[in-house]
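Chain by chain, the residues run as shown.
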Amino acid sequence: DSGVTQTPKHLITATGQRVTLRCSPRSGDLSVYWYQQSLDQGLQFLIQYYNGEERAKGNILERFSAQQFPDLHSELNLSSLELGDSALYFCASSVEGQGNTEAFFGQGTRLTVV
Amino acid sequence: AQRVTQPEKLLSVFKGAPVELKCNYSYSGSPELFWYVQYSRQRLQLLLRHISRESIKGFTADLNKGETSFHLKKPFAQEEDSAMYYCALSDGNKLVFGAGTILRVKS
């Protein structure tokens, strides 16, 4: 167990809908990263937060947004969902926000858009 | 821009054979490189990082700045090594991952 918790584990929803994925980092970790893993794209970096502030942004669509709350948990909001958004969404956390410390991953949320 | 390339989607070897998972990177600064592993139905976990120069589960990886490579090697593959392996590079903020290589060790 890495200590990173993601909920829900599975989510099935229809196109056009909006969902929220939740991540609780390891105790003491200030940085949270979100990744999307799809069959044809591998692990794509979406966004990073450090101590409540956005630190880095990757290939995140405008339909997607995220935030990190004062208790350091993070949420990834996906709206106007399309079939192509079906993927495994991973959250990772690390002590620092510099990317050179070990990142601990959650089990992921499998999103299926039908 | 930083990029990590893992040219092989799948590598299949027999038990006891040597393994080399290839990783090449593109980065203008001084890279920090990692290998992560994902066993079936489990989360990604760190296997090793180049700065620690350690050997984990018999795997080693050497950073070759001239060839911009960080290949993962093991002299004798075991069945329990079957997994997805990701090479990753830190750009100072985040980890950038390669597409991953599935290693299949056959008995």
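As the structure is a computational prediction, the values presented were derived from the model and not from experiment.

1. Notes on the interface of chain B and chain A
Reports often express the size of an interface as the amount of accessible area lost when the parts come together.
Logical step 1: The partner chain A presents 24 residues to the 18 residues of chain B that form the contact.
Logical step 2: For the pair chain B and chain A, the two sides together bury roughly 1,700 Å², of which 49% comes from carbon and sulfur.
Logical step 3: Summed over the three residues of chain B that lose the most area to chain A, namely Arg43, Asn93 and Lys94 of chain B, the buried surface amounts to 37% of that side.
Logical step 4: Counting the contacts that link chain B with chain A gives one salt bridge.
Logical step 5: With its nearest N and O atoms 3.8 Å apart, the salt bridge here joins Arg49 of chain B to Glu102 of chain A.
Logical step 6: Considered class by class, the residues forming the side of chain B that touches chain A number eight nonpolar, five polar and five charged.

2. A look at the side chain of His50 of chain B
Logical step 1: Along the polypeptide, His50 of chain B turns up in the loop between strand E6 (45-49) and strand E7 (60-61).
Logical step 2: The contact partners of His50 of chain B, leaving out residues within four places of it in the chain, are Pro31, Glu32, Leu33, Leu63 and Phe70 of chain B.

3. Re the state of the cysteines
Logical step 1: A full pass over the atoms with the stated rule returns two disulfides over all chains.
Logical step 2: Note on cysteine connectivity: Cys23 of chain A is disulfide-linked to Cys91 of chain A, with sulfurs 1.8 Å apart. For the disulfide bridge between Cys23 of chain A and Cys91 of chain A, the dihedral angle about the S-S bond is near -55°, and by the sign convention the bridge is left-handed. Of the two residues, Cys23 of chain A is situated in strand E3 (residues 19-24) and Cys91 of chain A in strand E9 (residues 87-94); the sequence distance between them amounts to 68 residues. Each member of the pair, Cys23 of chain A as well as Cys91 of chain A, carries the same accessibility label: buried.
Logical step 3: The side chain of Cys23 of chain B participates in a disulfide bridge whose partner is Cys87 of chain B; the two sulfur atoms lie 2.0 Å from each other. Looking along the S-S bond of the Cys23 of chain B-Cys87 of chain B disulfide, the torsion reads about -65°, which is the left-handed sense. Here Cys87 of chain B lies in strand E9 (residues 83-90) and Cys23 of chain B lies in the loop between strand E3 (19-21) and strand E4 (24-26), a separation of 64 residues in the sequence.

4. Section: the sheet that holds E3 of chain B
Residue and element names in this part refer to chain B.
Logical step 1: On the basis of which strands lie adjacent, the open sheet formed by three strands has the order E3-E8-E7 and antiparallel pairing. At either end of the open sheet lies a strand with only one pairing partner, and these are E3 and E7.
Logical step 2: Taken together, the two bridges between E7 and strand E8 (residues 72-74) define a ladder with antiparallel strand orientation. The partner of Ala61 across the bridge, within E8, is Leu72.

5. Details of the sheet that holds strand E1 (residues 5-7) of chain A
Strands belonging to one sheet form pairs held by backbone hydrogen bonds; the direction of such a pair is parallel or antiparallel.
Residue and element names in this part refer to chain A.
Logical step 1: Taken together, four strands build an open sheet; the order of strands is E1-E3-E8-E7 and the sheet is antiparallel. Whereas interior strands pair on both sides, the edge strands pair on one side only; in this sheet they are E1 and strand E7 (64-68). Within this sheet the neighbouring strands show an average axis-to-axis angle of 15°, counted without direction.
Logical step 2: Sheet topology places E1 next to E3; three bridges connect them, and they run antiparallel. Across the sheet, Gln6 pairs through a bridge with Cys23, a residue of E3.

6. Considering the packing of aromatic side chains
Logical step 1: Tallied over the full model, the rule gives 10 aromatic pairs over all chains.
Logical step 2: Consider the rings of Phe105 of chain A and Phe97 of chain B, whose centres lie 5.9 Å apart with planes at 75°: the pair is edge-to-face. Of the two residues, Phe105 of chain A sits in strand E10 (residues 104-105) while Phe97 of chain B sits in strand E10 (residues 95-97), which places them in two different chains. The pair formed by Phe105 of chain A and Phe97 of chain B is uniform in burial state, with each residue classed as buried.
Logical step 3: Note on Phe34 of chain B and Tyr36 of chain B: the rings are 6.4 Å apart at their centroids and 45° apart in plane angle, and the pair reads as tilted. Taken individually, Phe34 of chain B and Tyr36 of chain B each receive the classification buried, so the pair is uniform in this respect.
Logical step 4: Ring pairs connect the aromatic residues Tyr35, Phe45, Phe90 and Phe105 of chain A together with Phe34, Tyr36, Tyr86 and Phe97 of chain B, which therefore count as one cluster.

7. Observations concerning the pairing of strand E4 (residues 31-38) of chain A
Residue and element names in this part refer to chain A.
Logical step 1: The element E4 is largely enclosed, with a buried count of eight among its eight residues.
Logical step 2: Residue alternation in E4 divides its side chains into two sets, Ser31, Tyr33, Tyr35 and Gln37 and Val32, Trp34, Gln36 and Ser38, and both sets are buried.
Logical step 3: As judged from the eight bridges shared by E4 and strand E5 (residues 42-50), these two strands associate in the antiparallel manner. By the bridge assignment, Gln37 is partnered in E5 with Leu43.
Logical step 4: Between E4 and the antiparallel strand that follows it, E5, lie three residues.

The rules behind the values
- Residues numbered from 1 in each chain as written.
- Chains lettered and ligands numbered in written order.
- Predicted model: local features only at pLDDT ≥ 70, side-chain atom pairs only at ≥ 80, totals over all residues.
- Heavy atoms only, no water.
- Contact = heavy atoms within 4.5 Å.
- Buried area = accessible area lost by both parts, 1.4 Å probe.
- Salt bridge = Lys/Arg side-chain N within 4 Å of Asp/Glu carboxyl O.
- Nonpolar A, V, L, I, M, F, W, Y, C, P; charged D, E, K, R; others polar.
- Helix = DSSP H or I, 4+ residues; strand = E, 2+ residues; numbered from the N terminus.
- Disulfide = S-S within 2.5 Å.
- Buried < 20%, exposed > 50% of the residue type's maximum accessible area, 1.4 Å probe, protein only.
- Pairing = 2+ DSSP bridges.
- Axes fitted to C-alpha atoms, helices over the stretch in contact; angles between N-to-C directions.
- Phe/Tyr/Trp six-rings, centres within 6.5 Å; stacked < 30°, edge-to-face > 60°.

Bear in mind that shape data such as this cannot, by itself, settle questions of function.
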